[in-house]
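Each chain, letter by letter, is given below.
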Amino acid sequence: MLRFYVFDHDGLPASAWPLRNAYIVGADGNAMRCEIAFRNGILDVHKRDAGAAALALQHPAGDLGELTLQTCLLPDREEPYILALELARHRLMTLYAKLEDWQLFELPEDHPVTKRSETARKKFIEALCLAGESPEQASRLAGESLHTALDGSEELALAHSEMLLNRRIALGALPKSPLGCGAALELRDERVRAGLRSQFDFVQVPMPWKALCPEEGNYQWGLMDDWAEWSAAQRVPLVAGPLIAFEPGELPDWLYIWEHDYDTVRDMIYEHVERVVERYKNTVTAWNVVSGLHVNKHFTFNFEQLMDLTRMCTMLVKKAQPACKAIVELRQPFGEYYGENQRSIPPLMYADLLVQSSIGFDALSIRYPMGQAMPGQHTRDLMQLSNMLDQFSHFGKPVHVTLGVPSEPVTPMMIARAESNDPVDAEAGYWRRPWSGVVQSHWLEAALQIAVSKPYIDAVAWHDLVDHPHIELPLSGLVGEDLQARPAWRRLVGFRRHLLGQSGEGGGEAGGGAGGGAGVAGAGGAGGVGAGS
């Protein structure tokens, strides 16, 4: 068993401590089964398996926000650890490990990373010396060390990514189509589509089975046909899918009748994939073939069946359209779900199995919406984002990334539309400041820089261009439902101009409102989303 002292802001044993996104990680990096409880200032972790483990949970991080953080691997012991001290230890270890991995130990003494790492180290040593005689004081000093180390590690991630990105641009090593954006299947506004054409290299359009075939055997092709015609006419690369995803908003209701009959479901999936790909094979550039099958939350398929479905779907796509790019998408890339669902497959293991099984796919895709109190969407810092992406660099496949954060805090009412009627805690954490349009724009710029800088990243997309009623991450669009551009839109346009070596303003100001200023298209040019490059 692992035990932790937890102290409040006044240095007293905490009387309450919400266990948000709390789980443990084993030595293999996978989540483990456990029960976590808090009582009388002590957090108890009862593991079901032996061995050292690391605790991860959402934790206040001062000016850095409220983030899911992790301790080092710790052996069992009766004497409680000090939670803040162990979180600080892990972050300092990460900071020094990345300095070594990235060969940046020679940073100048006045560099922010150098100054912050040294301050954090001194605070940690002070805390360590006081841990035995005054846990309260040790916790306070460890908290200061943690916040400084977090700040330093984010500075390091940004400094390293800036160096790599400049090198990638100078060598002409950027991918042909680096930046894209998602668009709802029902989005038909031509002003918004003009913005997609002028400011992005490709468009991702979802193809929920539920929307294409709400009744068994009755396909409704109209919306997707419209996108296919637009893409062909405008010569905009189209990434379509996922063809198959076991999410409530993706699967038609009539399919659940067969949820315990794998053979029947497999036959229906075969017919569906074959039919859709055959119809759009002349217009779709890349197929998101399957998404999140490894999470396996809604169907009770076993390991072999999940791999069989992945193999069958990719084979059908490549058979019908050999020259297309077949993509397998991973959700919840930090793998918290595996601690609760042993029928699932950890994300890194799933990726490794795809490669080792010689499944015919061309790229991995990582989907990471963040900032909503839903599984896998709690807020993490930039260094964790960078490390997570690096974990998928070893499989010899290009990596695509889809990112998104909200422009306002997501409320329980917004989340309730999702999977159940259970009470929802909306506290998903936040980065630096509570989510706002400005915070969203700063996070977008930092995350894009980190992702695009990595040589194995082939494409990066923003989750959704425009807010809409069925959006997976509410309020995450670059444009509101009123078609007014958010600050994140201008940041993204400016970032793309930098990649292309262009100068000038990045997309102009968002308009004022109906009949007032420029809206999405802008009346006459530079005012909004539809303005040309």
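Note that this is a predicted model, so its numbers are computed, not measured.

(A) Structural view of the nonpolar core. Formed by 114 residues in total, the largest nonpolar core has its most connected members in W287, W443 and L478. Among the elements that take part in this core, helix α12 (residues 437-453) stands out by supplying nine residues, more than any other. With residues near it in sequence (within four places) discarded, W443 still touches M370, L382, L385, L403, V405, W431, W435 and W462. Among the nonpolar cores identified, the runner-up in size contains 36 residues, and V6, I82, A142 and A149 belong to it.

(B) Spatial organisation of the pattern of salt bridges. Under the defined criterion, the tally for this structure stands at 32 salt bridges. For R89, the salt bridge identified is with E86, shortest N-O distance 3.0 Å. On the criterion of helical spacing, the pair formed by R89 and E86 is a turn pair, its members being three residues apart in helix α1 (residues 83-101). When its relative accessible area of 31% is taken as the criterion, R89 is described as partly exposed. Relative accessible area serves as the criterion here: at 4%, E86 is assigned to the buried category. Of the charged contacts in the structure, one is a salt bridge between R331 and E472, with a shortest N-O distance of 3.0 Å. Taken together, the residues span a long stretch of sequence, with R331 in strand β14 (residues 325-331) and E472 in the loop between β18 (457-462) and α13 (487-500) at a distance of 141 residues. Taking the relative accessible area as the measure of exposure, R331 reaches 10% and is therefore buried. The class for E472 is partly exposed, based on a relative accessible area of 24%.

(C) Expanded view of the sheet that holds strand β5 (residues 42-47). Strand order in the open sheet made by the four strands is β4-β5-β1-β8, with mixed pairing throughout. Looking along the sheet, the strands with just one partner apiece sit at the ends: β4 (34-39) and β8 (81-82). Sheet topology note: the strand β1 (residues 2-5)/β5 ladder contains four bridges and is antiparallel. For F4, the partnering residue across the bridge sits in β5 and is L43.

(D) Looking closely at the pairing of strand β6 (residues 53-60). Counting buried residues in β6 gives seven out of eight residues, a clear majority hidden from the surface. Of the strand pairs in this sheet, strand β2 (residues 23-26) and β6 are connected by four bridges, and their pairing is antiparallel. Bridging across to β6, V25 finds its partner in A54. Sheet topology note: the β6/strand β7 (residues 65-70) ladder contains five bridges and is antiparallel. Pairing of Q58 across the sheet is with T68, part of β7.

(E) Region of interest: the side chain of Q204. Relative to the assigned elements, Q204 resides in strand β10 (residues 202-205). What Q204 contacts, discounting residues up to four positions off in sequence, is C181, G182, A183, V239, R367, T402 and A461.

(F) Inspection of the packing of aromatic side chains at higher detail. Enumeration over the complete set of coordinates arrives at 15 aromatic pairs. Taking the centre distance of 6.1 Å and the plane angle of 40 degrees together, the rings of Y5 and F7 count as tilted. Three or more aromatic residues joined by ring pairs form one cluster here, namely F246, Y256, Y262, F299 and F301. Note that R77 overlies the ring of Y81, its terminal NZ or CZ placed 3.8 Å from the centroid. A cation over an aromatic ring shows up here: R193 above the ring of W227, its NZ or CZ 4.1 Å from the ring centre.

(G) Expanded view of unusual backbone geometry. A cis amide bond links G241 with the next residue in sequence, P242, at an omega value of 15 degrees. With respect to the helices, strands and loops of the structure, P242 is situated in the loop between β11 (238-240) and β12 (244-245). Phi is positive for N296, which is not a glycine, with a value near 50 degrees. Phi is positive for Q332, which is not a glycine, with a value near 45 degrees. Residue placement: Q332 occurs in the loop between β14 and α9 (347-356).

Criteria and thresholds
- In this convention, every chain numbers its residues from 1, walking through the sequence in written order.
- Side-chain atom pairs in this predicted model are given and counted only at pLDDT of 80 or more, local residue features only at pLDDT of at least 70, and totals for whole chains, interfaces and linings cover all residues.
- No hydrogens and no water enter the side-chain calculation; it runs on all heavy atoms of the structure.
- The definition of a nonpolar core used throughout is a set of buried Ala, Val, Leu, Ile, Met, Phe, Trp, Tyr and Cys residues joined through side-chain atoms within 4.5 Å.
- Each residue gets one of three labels from its accessible area relative to the maximum for its type: buried under 20%, exposed over 50%, partly exposed in between, using a 1.4 Å probe on protein chains only.
- Here a helix means four or more residues in a row that DSSP labels H or I, a strand means two or more in a row labelled E, and each is numbered from the N terminus.
- The contact rule is simple, with two residues in contact once any of their heavy atoms fall within 4.5 Å.
- Salt bridges are defined by distance alone: a side-chain nitrogen of Lys or Arg within 4 Å of a carboxyl oxygen of Asp or Glu.
- Two strands qualify as a pair provided DSSP detects at least 2 bridges between them.
- Here is the rule: rings of Phe, Tyr and Trp (six-membered ring for Trp) pair when centre to centre is within 6.5 Å. Planes less than 30 degrees apart are stacked, more than 60 are edge-to-face, and the remainder are tilted.
- Lysine and arginine charges are scored as sitting over a ring when NZ or CZ, respectively, is within 6 Å of the ring centre and within 35 degrees of the ring normal.

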